[in-house]
Each structure stands twice: as structure tokens, then as C-alpha cells.
Amino acid sequence: MPGPGSSKVPAFNEETLELQEFLELFEDLASSYGLNDADKCKMIVQYVNLETKRFWVTLTGYESKDFGALKTNILGQYPGAAKGARYTICDLERVILNMAESDISTETELLQYYHQFRPIAVWLVTNSKISTREQ
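Quick summary incoming for the structure in this document. (Residues numbered from 1 in each chain as written. Predicted model: local features only at pLDDT ≥ 70, side-chain atom pairs only at ≥ 80, totals over all residues. Heavy atoms only, no water.)

## Focus: a negative patch on the surface
- On the surface, a cluster of negative charge is contributed by E14, E15, E18, E21, E24, D28 and E51.
- Top contributing element to the negative patch by residue count: helix α1 (residues 19–32), with three residues.
- Relative to the assigned elements, E21 resides in helix α1. (Patch = residues over 30% accessible without salt bridge, like charges linked within 9 Å, V, L, I, M, F, W, Y side chains within 5 Å. Areas by Shrake-Rupley, 256 points an atom, 1.4 Å probe, with all protein chains shown as cover. Salt bridge = Lys/Arg side-chain N within 4 Å of Asp/Glu carboxyl O. Lys, Arg positive; Asp, Glu negative; His and termini not counted. Charge placed at Lys NZ, Arg CZ, Asp CG, Glu CD. Helix = DSSP H or I, 4+ residues; strand = E, 2+ residues; numbered from the N terminus.)

Okay, here's the thing in C-alpha cells:
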């Protein structure tokens, strides 16, 4: 496995909504290296800051080297993390208003707007927060 701080490893920046993605990326990386549960437990704490490491090693699953239990307990310590990214209509309106205030004059600027708009709009439609027509 790549060492901590390497550009090839996932990083958890303490953002609850990004924890699910961090865990998925870590598991994909660990699987590509053929790590077993014990190795996953040992390695995952290498990719977080010291304070988080000190906390995670106290959770059920770490000592017993049961990665499934450790992952469940990690997610349980961060309310809302298991749901992953969540958006509101206000998030979508903010993106729209920010772009309305600036002139989109290049294809790059249009793509930048679209890359901000689409994930929010798709999530809102998928989770029945807005209709497809409102998108």
C-alpha cells in the first residue's frame, strides 16, 4: 500500500459527508493490494490525522481486526455519514445564483457551472426533493 501522504491514497479531511467516499476509496485500494481484514484495520488509521487515529483505534473492530465491524462503528460515530453527500434546494439555488452573477463567456466556464449543477440536481431528483421538470 502507498504510504500516508502519497497522492495515490484516499484522504479523510474530517468532513462527515465525505467519510463514505473515503471508506469506499480505501476499500478499493485495499482490495487491489489484496489486504485482509487485519491489514485493513491496521492501514486505514494510517490515512487519517493523529487525533482521528487515536479515536478510531478505540472503536469496536480495531482490536479484533474485524474491518466490517470497524467500518460500521466508524460510520456510527459520524451522524449522517452513512448517507454520503446530501444536498438541498438551497445548494442548487446557490450554484445558480453564483453563476447568474457572473458572465459565462467560455466553454470552460460553462463546463465548470455544469459540473457544480449536475451532481446537486441529480441527487435532488433521485431523492425526490425536486421533480425532473424542476431540474
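Okay, back to it.
## Comments concerning helix α2 (residues 37–44)
- Of all the positions in α2, only K40, C41, M43 and I44 are classed as buried.
- Buried-residue contacts for α2 involve α1, α3 (50–56) and α4 (67–76).
- Structurally, the start of α2 carries an N-cap: the backbone nitrogen of A38 is 3.1 Å from a side-chain oxygen of N36. (Buried < 20%, exposed > 50% of the residue type's maximum accessible area, 1.4 Å probe, protein only. Contact = heavy atoms within 4.5 Å. Polar contact = N/O pair within 3.5 Å; in protein donor to acceptor, adjacent residues only side chain to side chain.)

## Things to note about the packing of α1 against α4
- At a minimum axis separation of 11 Å, α1 and α4 run at an interaxial angle of 165 degrees. As judged from the angle between their axes, α1 and α4 are roughly antiparallel. The interaxial crossing formed by α1 with α4 has right-handed handedness. Contact residues: α1 offers L19, Q20, L23, F26 and E27, while α4 offers F67, K71, I74 and L75.
- The residue makeup of the contact of α1 with α4, split by class, is six nonpolar, one polar and two charged. (Axes fitted to C-alpha atoms, helices over the stretch in contact; angles between N-to-C directions. Parallel < 35°, antiparallel > 145°, perpendicular 65-115°, else oblique. Left-handed = near helix turned anticlockwise from the far one by under 90°. Nonpolar A, V, L, I, M, F, W, Y, C, P; charged D, E, K, R; others polar.)

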